[in-house]
Amino acid sequence: MTTRTTTADTAAARATVYGYPRQGPNRELKKAIEGYWKGRVDGDALRATAAELRRSAWQELAASGIDEVPTGDFSYYDHVLDTTVMVGAVPERHRAAVAADALDGYFAMARGTEDVAPLEMTKWFDTNYHYLVPELGPDTVFTTDSTKQVAELREALALGLDTRPVLVGPVTYLLLSKPAPGVADDFDPLTLLDRLLPVYAEVLSDLRASGAAWVQLDEPALVQDRTPAELNSAARAYRDLGSLADRPKLLVASYFDRLGEALPVLAKAPVDGLALDFTGSAAANLEELAAVGGLSGKRLVAGVVNGRNIWVNDLEWSLATLGTLLGLADRVDVATSCSLLHVPLDASVERDIEPQIRRWLAFARQKTAEVATLTKGLTRGTGVIGAELAANRAALNSRATSPITHDPAVRARAAAVTEHDGRRSQPYAERTAAQRALLNLPLLPTTTIGSFPQTGELRAARADLRAGRIDTAGYEDRIRNEIHEVVSFQEKAGIDVLVHGEPERNDMVQYFAEQLGGYLATQHGWVQSYGTRYVRPPVLAGDISRPEPMTVRWTTYAQSLSGRPVKGMLTGPVTMLAWSFVRDDQPLGDTARQVALALRDEVDDLEANGTSVIQVDEPALRETLPLRATDHAAYLDWATEAFRLTTSGVRPDTQIHTHMCYAEFGDIVQAIDDLDADVISLEAARSHMQVAHELAAHGYPREAGPGVYDIHSPRVPSVDEATTLLRTGLEAIPAERLWVNPDCGLKTRGWAETRASLEHLVAAARIVRAEL
Ligand code: GLN
Ligand code: ZN
């Protein structure tokens, strides 16, 4: 392999990353912050823990061969919130709290207080990290507060480290913002750019004065489809910042996809370097970079190690890519594709994963080592990394040839799938008549989304089982008791289609992942979801099979207790993928199809055991939509196929439900229709049934249950409120097709409010039925 050319200064290749897991090896940060909230840890102790975690992360990075460590990526809660503080965009309602105490005010913005609501939280691009959405308006005045950025830079410099502060860039910051409450919906935060740039100029100057040679400005929003006006704003921003007299060198970073039309804009900007992602769908950056004639005069930081999957890198591929890039920039450095925030810390501590498989995995520490190895190879020739290359090749070979990744039975079945397998035997209109005859439900049937309160006792029972304090039989007794209670409550409350309440599930993805073949669980693989909430996504590591039924006995047990239909409850294939780490050695659609076939067997078994209503939840269908519109059709194709494959094996009179939450659905109504489900339940209570109108506007022909009870708050909706929402729903969806249900599952709610809310919901259904 040749990785040498003459254009660039290869002797100077440097290794870097843009961010590192924040929590510490044993989630020390989570414990300290939550202790602070409870008053058990004081502010100084929290700050000391945080400083110690930063120090050890930086020193660990440096020791493993990272030449330039990032600063400023650390956060007590969220880096977008930190940016809001940096630019002084504290919402009016939080000003008093921030003035009284900066740290408490910060947490008030993140979590709200008894009196004020927090900032809204939403997903950071297509990751499972959530950021706090800045609220801006025409009256927003920005002010500079570079305290955090400067302090963290100084800490790292004091350790003798070479560092590069990392900031959310001004264009991305504005593009991620929304109009503040009371500001018109059509207010465009990007109109504030001219006001914001002087603040960034000041921060840059402060960082320069404190010793930063380089500063990184992250502009991931530029990998999304952008209007010419937005691209012009980006051009203006970097022309202005680039022309500042007193500034550090500027590195503009993008990740998660290709830059597309934004690449020529940034390539032309008077900044000193670009950091580009070359992994996955962002690999197209390579041709796009060649098409603009490379980055002459600039530094290129090449993200060749995927920063958001958990798989070992293909070092030879990366070296080849770096070799090509050497011809396209003045200087090429090596990095992960994005911050390592999105992966767990260390694969080597996963003692429950066989060493054979563990070597396929690369978490933050392993990825850091890969970056260092590649840098060494790029600078000094591949000879010096011979051992690493050999080990890497062996790991990749072992993965490529393993029976875990290649189960002939699973592969043969997936290959034999035909269009016919993904189609119900009768069209919706005919099925619905058969279902009506079988189920014999009233108009406006009432149901719930699946889970009932996950009480402390249930969690304690699971902990007791794990710790061996009770045996499986004892645990299952407790689960059956819970199901009994849930069923009898629903009957008494007058709900029409019952659920078993999901008491046996720790999590809607993990529960299934633990039972499917080909899935791995980690013990310590925590990644930040938001704030102090960390999740341990399971790993889709191999071909997926279902050794035995997963839910049938609980659902049939519940059905045995009632004459009313009990709805079976499964997590759909797209959501299983979205909330797991996915394979990178085959197209996502192939993995989705394998999961779908495993779930299809479960659906068929439920039906065979007397379940006539089966819900397959797909809350992640909308959120997994690719960042670029040109990629939507291909995604929706395999995603809807996977759902249909899961659900099409049943008789016409078996009713298939699906459920989705948290989203605007306007742009995927066609895809929702393509699922060919019989009934869909959606979150709608907070938006006054807006989704019902969106469905109607698109001529959605099926039955739907827009939620009439906002389950995100302990508030009990009154009968009146639910009645009003239901009447609004009826304006969009005719009574023959309207269901009555909450927005989402009740697992986070307490029993008292659940009981009252569901009784009100049934009362509202009865009132509105009587008006029909
Ligand atoms: N059936 C699941 C529940 O009720 C659905 C959860 C979800 O949509 N996120 O909890
Ligand atoms: Zn939901």
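- Looking at an unreviewed UniProt entry, one finds the chain named 5-methyltetrahydropteroyltriglutamate--homocysteine methyltransferase and attributed to Streptomyces endophyticus.
- A UniProt comment under Function (unreviewed entry) is attached to the chain, and it reads "Catalyzes the transfer of a methyl group from 5-methyltetrahydrofolate to homocysteine resulting in methionine formation."
- Per its UniProt entry, the chain bears the Catalytic activity (unreviewed entry) comment "5-methyltetrahydropteroyltri-L-glutamate + L-homocysteine = tetrahydropteroyltri-L-glutamate + L-methionine".

### Observations regarding the overall build of the chain
- In terms of regular secondary structure, the chain is built from 28 helices and 21 strands.
- The globule rule puts the C-alpha radius of gyration for 772 residues at 28 Å, and the 27 Å found for the chain is close to it.
- Based on the C-alpha atoms only, the size of the chain along its principal axes is roughly 75 × 60 × 55 Å.
- In the chain, which comprises 772 residues, the share counted as buried stands at 51%.
- The contacts of the chain with a sequence gap of at least 6 include a subset with a gap of at least 24, amounting to 80%.

### What about the pairing of strand S20 (residues 679-682)?
- Residues Val679 and Ser681 of S20 are buried on one face, and the alternating residues Ile680 and Leu682, pointing to the opposite face, are buried as well.
- Alignment of strand S19 (residues 655-660) against S20, held across 4 bridges, turns out to be parallel. When the bridges of S20 are listed, threonine 658 appears paired with isoleucine 680.
- Across 4 bridges, S20 lies against strand S21 (residues 703-706) in parallel orientation. Looking at S21, one finds that serine 681 is bridged to glycine 705.
- Taken together, S20, helix H26 (residues 690-697) and S21 form a β-α-β motif whose crossover is right-handed.

### Considerations on the UniProt feature "binding site: 5-methyltetrahydropteroyltri-L-glutamate" (unreviewed entry) in the chain
- Here the UniProt feature "binding site: 5-methyltetrahydropteroyltri-L-glutamate" (unreviewed entry) sits at Arg27, Glu28, Leu29, Lys30, Lys123, Trp579 and Glu623. What stands out for the annotated residues spanning 597 residues is how far apart their C-alpha atoms range, the widest pair being 30.2 Å apart.
- Topologically, glutamate 28 is positioned in helix H1 (residues 28-37).
- The class for glutamate 28 is partly exposed, based on 15 C-beta atoms found within 10 Å.
- Excluding residues that lie within four positions of it along the chain, glutamate 28 makes contacts with Thr49 and Leu53.
- When the 22 C-beta atoms within 10 Å are taken as the criterion, tryptophan 579 is described as buried.
- With residues near it in sequence (within four places) discarded, tryptophan 579 still touches Asn128, Val509, Pro537 and Ala620.

### Comments concerning helix H9 (residues 228-242)
- The terminal C-alpha atoms of H9 lie 21 Å apart, and with 15 residues this matches the ideal 21 Å at 1.5 Å per residue to within 8%.
- Listed in full, the buried residues belonging to H9 are Glu230, Ser233, Ala234, Ala237, Tyr238 and Leu241. All buried residues of H9 fall inside an arc of 120° around its axis, so they share one side. With respect to the buried face of H9, the exposed residues turned more than 90 degrees away are Pro228 and Ala229.
- The inward-facing, buried residues of H9 abut helix H7 (170-175), helix H8 (193-209), strand S9 (249-253) and helix H10 (262-268).

### Description of the sheet that holds S19
- As summarised here, the arrangement of the 5 strands in space is S17-S18-S19-S20-S21, forming an open sheet in which the pairing is parallel. Each edge of the open sheet is held by one strand with a lone partner, namely strand S17 (567-571) and S21. Strand-to-strand twist of the sheet, defined as the mean angle between neighbouring strand axes without regard to direction, takes the value 20°.

### With respect to the sheet that holds strand S2 (residues 69-71)
- Spatial ordering of the open sheet is given by S1-S12-S11-S10-S9-S8-S6-S2, a layout of 8 strands whose pairing is parallel. At either margin of the open sheet sits one strand with a lone partner, and together these are strand S1 (15-16) and S2.
- Here 5 bridges tie strand S8 (residues 214-218) to S9, and the two strands are oriented parallel to one another. By the bridge assignment, glutamine 216 is partnered in S9 with leucine 251.
- Seen against the sheet, helix H12 (residues 315-326) touches strand S11 (295-305) and strand S12 (329-336) and runs at an angle of roughly 170° to S11.

### A look at the site of ligand 1
- Taken together, Ile449, Gly450, Ser451, Met508, Met569, Asp617, Pro619, His659, Cys661, Cys744, Gly745 and Lys747 are the residues near ligand 1.
- A class-by-class count of the residues in the shell around ligand 1 yields 6 nonpolar, 4 polar and 2 charged.

### With respect to unusual backbone geometry
- Of note, the phi angle at asparagine 440 is positive, near 55°, even though the residue is not glycine.
- Position of asparagine 440 relative to the elements: it lies in the loop between helix H17 (428-439) and helix H18 (456-466).
- Owing to 9 C-beta atoms within 10 Å, asparagine 440 belongs among the exposed residues under this scheme.
- For leucine 444, which is not a glycine, the phi torsion comes out positive at approximately 50°.

### Remarks on H12
- Its 12 residues give H12 an end-to-end C-alpha distance of 16 Å, which sits within 8% of 16 Å, the value for a rise of 1.5 Å per residue.
- Residues of H12 that are buried: Leu315, Ser318, Leu319, Thr321, Leu322, Leu325 and Leu326. Projected down its long axis, H12 shows its buried positions confined to an angular sector of 160°, all on one face.

### Structural notes on the packing of H1 against helix H2 (residues 43-63)
- Direction vectors running N to C along H1 and H2 enclose 170°, while the axes themselves pass 9 Å from each other. As far as their axial angle goes, H2 and H1 are roughly antiparallel. For the pair H1 and H2, the crossing hand works out as left-handed. Across from Glu28, Leu29, Ala32, Ile33 and Tyr36 in H1, the residues of H2 making contact are Gly43, Leu46, Thr49, Ala50 and Leu53.
- Taken together, the residues of the contact of H1 with H2 break down into 7 nonpolar, 2 polar and 1 charged.

### Considerations on the environment of alanine 764
- Considering the arrangement of structural elements, one finds alanine 764 in helix H28 (residues 751-771).
- By the C-beta count within 10 Å, which is 26 here, alanine 764 ends up buried.
- Measuring from C-alpha to C-alpha, the distance between alanine 764 and glutamate 721 comes to 8.5 Å, with 43 residues separating the pair along the chain.
- Once residues within four sequence positions are removed from consideration, alanine 764 is found in contact with Val708, Val719, Ala722, Thr723 and Leu726.

### Description of the pairing of S12
- Burial analysis of S12 places 7 of its 8 residues in the buried class, which makes it a mostly covered element.
- In this sheet, S12 lies alongside S1 in parallel orientation, the contact comprising 2 bridges. Each bridged residue has a counterpart across the sheet, and for alanine 15 the counterpart in S12 is valine 334.
- When S11 meets S12, the two strands line up parallel, connected through 7 bridges.

### Examining the packing of H8 against H9
- Running from N to C, H8 and H9 point in directions that differ by 35°, and their axes come no closer than 10 Å. Remark: the crossing between H8 and H9 carries right-handed chirality. Facing H8, whose interface residues are Leu193, Leu197, Tyr200, Ala201 and Leu204, H9 presents Ser233, Arg236, Ala237, Asp240 and Leu241.
- Here the residues of the contact of H8 with H9 are counted per class, giving 7 nonpolar, 1 polar and 2 charged.

### What about the environment of glycine 293?
- Assignment of secondary structure puts glycine 293 in the loop between helix H11 (285-291) and S11.
- With 165 residues separating them in the primary sequence, glycine 293 and asparagine 128 have C-alpha atoms 35 Å apart.

### A few points about the environment of glutamate 703
- Mapping glutamate 703 onto the fold places it in strand S21.
- As a C-alpha pair, glutamate 703 and leucine 738 span 35 residues in sequence and 5.8 Å in three-dimensional space.
- In this structure glutamate 703 touches Asp678, Val679, Arg737 and Trp739, once residues within four positions along its chain are discounted.

So, how was this worked out
Residues numbered from 1 in each chain as written. Chains lettered and ligands numbered in written order. Predicted model: local features only at pLDDT ≥ 70, side-chain atom pairs only at ≥ 80, totals over all residues. UniProt positions renumbered as here; feature names shortened; annotations may be inferred. Helix = DSSP H or I, 4+ residues; strand = E, 2+ residues; numbered from the N terminus. Rg over C-alpha atoms; globule rule 2.2 N^0.38 Å. Buried ≥ 20, exposed ≤ 12 C-beta atoms within 10 Å, placed from the backbone. Contact = placed C-beta atoms within 7 Å. Pairing = 2+ DSSP bridges. Right-handed = clockwise from strand over helix to strand, strands pointing away. Expected span 1.5 Å × (residues − 1). Arc of directions from axis to C-beta. Axes fitted to C-alpha atoms, helices over the stretch in contact; angles between N-to-C directions. Near = placed C-beta within 6 Å. Nonpolar A, V, L, I, M, F, W, Y, C, P; charged D, E, K, R; others polar. Parallel < 35°, antiparallel > 145°, perpendicular 65-115°, else oblique. Left-handed = near helix turned anticlockwise from the far one by under 90°.

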